[in-house]
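A structural walkthrough
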Amino acid sequence: MALVTVSIGSNIERDHHVRVCLDALAASFENLRVSRVFESEPVGFEDGRNFYNLVAAFESDASVAELQAWCKRLEFANGRREESPKFSPRTLDVDLLTVGELSGEHGGVSLPRGEITHHAFVLQPLAELLPEERHPVSQETYASLWHRFDAGDQRLWPVSFTWAGRRVSSPDRATD
């Protein structure tokens, strides 16, 4: 089984769609772990609605193509439209970040996802969730990558969030 990481984002009915995504992940994959939930200002979007972002990790023996198809089905089941402009509001965005140690192009999916080292809303939750795991290409730990990351004007902050009857996120401490 490979350790798989996904980024999750929503700026439409954020609480609802993040919970739906976490429910679906928990029902479909083993050993689900989630980062704190962060609120972030939109990057490149004209609509100013803030996002909720987090990272989830789980184990799976599914292929990259199967995992990608699963993510897209979940997005579409929650109102995402394929024809929507790239920088438009979204109910749910679920992106494969890593699948084990895979790197390169796999069935049209680039792994590891480039956003890991370019966006604070991906790297910070990933570094908190899996600080000692290593980026498949650079082999640096996610904690080290985050420590050196220049967030510039990419503002994000942890928020209180409950799922499945437990607090998974609060502004003042890591996932409980």
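Residues numbered from 1 in each chain as written. Predicted model: local features only at pLDDT ≥ 70, side-chain atom pairs only at ≥ 80, totals over all residues. Heavy atoms only, no water.

1. With respect to empty space enclosed by the protein
Scanning the model with the defined rule gives one cavity of 30 Å³ or more in all. When its volume is computed, the largest cavity comes out at roughly 30 Å³. Taken together, Ser40, Glu41, Val43, Ala120, Phe121, Gln154, Arg155 and Leu156 make up the lining of the largest cavity. Here the residues of the lining of the largest cavity sort into four nonpolar, two polar and two charged. (1 Å grid on protein atoms, 1.4 Å probe; cavity = no way out; pocket = protein on both sides within 12 Å on 5 of 7 lines; lining within 4 Å. Points joined across faces, edges and corners; volume = space filled by probe spheres on them. Nonpolar A, V, L, I, M, F, W, Y, C, P; charged D, E, K, R; others polar.)

2. Structural notes on the packing of aromatic side chains
Across all of its chains, the model carries four aromatic pairs by this definition. Relative to tryptophan 70, the ring of phenylalanine 29 lies with its centre 5.1 Å away and its plane at 70 degrees, an arrangement referred to as edge-to-face. Of this pair, phenylalanine 29 sits in the loop between helix H1 (14-28) and strand E2 (30-34) while tryptophan 70 sits in helix H2 (residues 64-77), and the two are 41 residues apart along the sequence. Note on tyrosine 52 and phenylalanine 161: the rings are 6.2 Å apart at their centroids and 85 degrees apart in plane angle, and the pair reads as edge-to-face. Residue tyrosine 52 is located in strand E4 (residues 51-60), and its partner phenylalanine 161 is located in strand E9 (residues 161-163); the two are separated by 109 residues in the primary sequence. In this pair, the class of tyrosine 52 matches that of phenylalanine 161, namely buried. (Phe/Tyr/Trp six-rings, centres within 6.5 Å; stacked < 30°, edge-to-face > 60°. Helix = DSSP H or I, 4+ residues; strand = E, 2+ residues; numbered from the N terminus. Buried < 20%, exposed > 50% of the residue type's maximum accessible area, 1.4 Å probe, protein only.)

3. Side note on the nonpolar core
Residues Val6, Ile8, Leu22, Leu25, Leu96 and Phe161 are the most contacted members of the largest nonpolar core, which totals 30 residues. Residue assignment for this core shows that the elements contributing at least two residues are strand E1 (2-10), H1, E4, H2, strand E5 (93-99), strand E7 (109-111) and E9. Not counting the four nearest positions on each side in its chain, phenylalanine 161 is found in contact with Asp15, Val18, Arg19, Leu22, Val37, Tyr52, Arg166, Arg167, Val168 and Ser169. Core analysis: the second largest hydrophobic core is formed by 17 residues, Val122, Leu123, Leu129 and Leu156 among them. (Core = buried A, V, L, I, M, F, W, Y, C linked by side-chain atoms within 4.5 Å. Contact = heavy atoms within 4.5 Å.)

4. Thoughts on a negative patch on the surface
There is a patch of like negative charges on the surface, built from Glu30, Glu59, Asp61 and Glu66. Assignment of secondary structure puts aspartate 61 in the loop between E4 and H2. Using a relative accessible area of 66% as the deciding quantity, one classes aspartate 61 as exposed. (Patch = residues over 30% accessible without salt bridge, like charges linked within 9 Å, V, L, I, M, F, W, Y side chains within 5 Å. Areas by Shrake-Rupley, 256 points an atom, 1.4 Å probe, with all protein chains shown as cover. Salt bridge = Lys/Arg side-chain N within 4 Å of Asp/Glu carboxyl O. Lys, Arg positive; Asp, Glu negative; His and termini not counted. Charge placed at Lys NZ, Arg CZ, Asp CG, Glu CD.)

5. Notes on unusual backbone geometry
With an omega dihedral of -15 degrees, the bond running from leucine 111 to proline 112 counts as a cis peptide bond. You can see proline 112 is positioned in the loop between E7 and helix H3 (120-129). Of note, the phi angle at glutamate 13 is positive, near 45 degrees, even though the residue is not glycine. Counting through the fold element by element, glutamate 13 comes out in the loop between E1 and H1. Residues other than glycine seldom take positive phi values, yet alanine 164 does so here, at roughly 55 degrees. Examined against the element boundaries, alanine 164 turns out to sit in the loop between E9 and strand E10 (166-169). The class of alanine 164 is exposed, set by a relative accessible area of 65%.

6. Regarding the pairing of E10
Of the strand pairs in this sheet, E9 and E10 are connected by three bridges, and their pairing is antiparallel. The partner of phenylalanine 161 across the bridge, within E10, is serine 169. Hairpin connection from E9 to E10: two residues lie between these consecutive antiparallel strands, with alanine 164 at a positive phi of about 55 degrees. (Pairing = 2+ DSSP bridges.)

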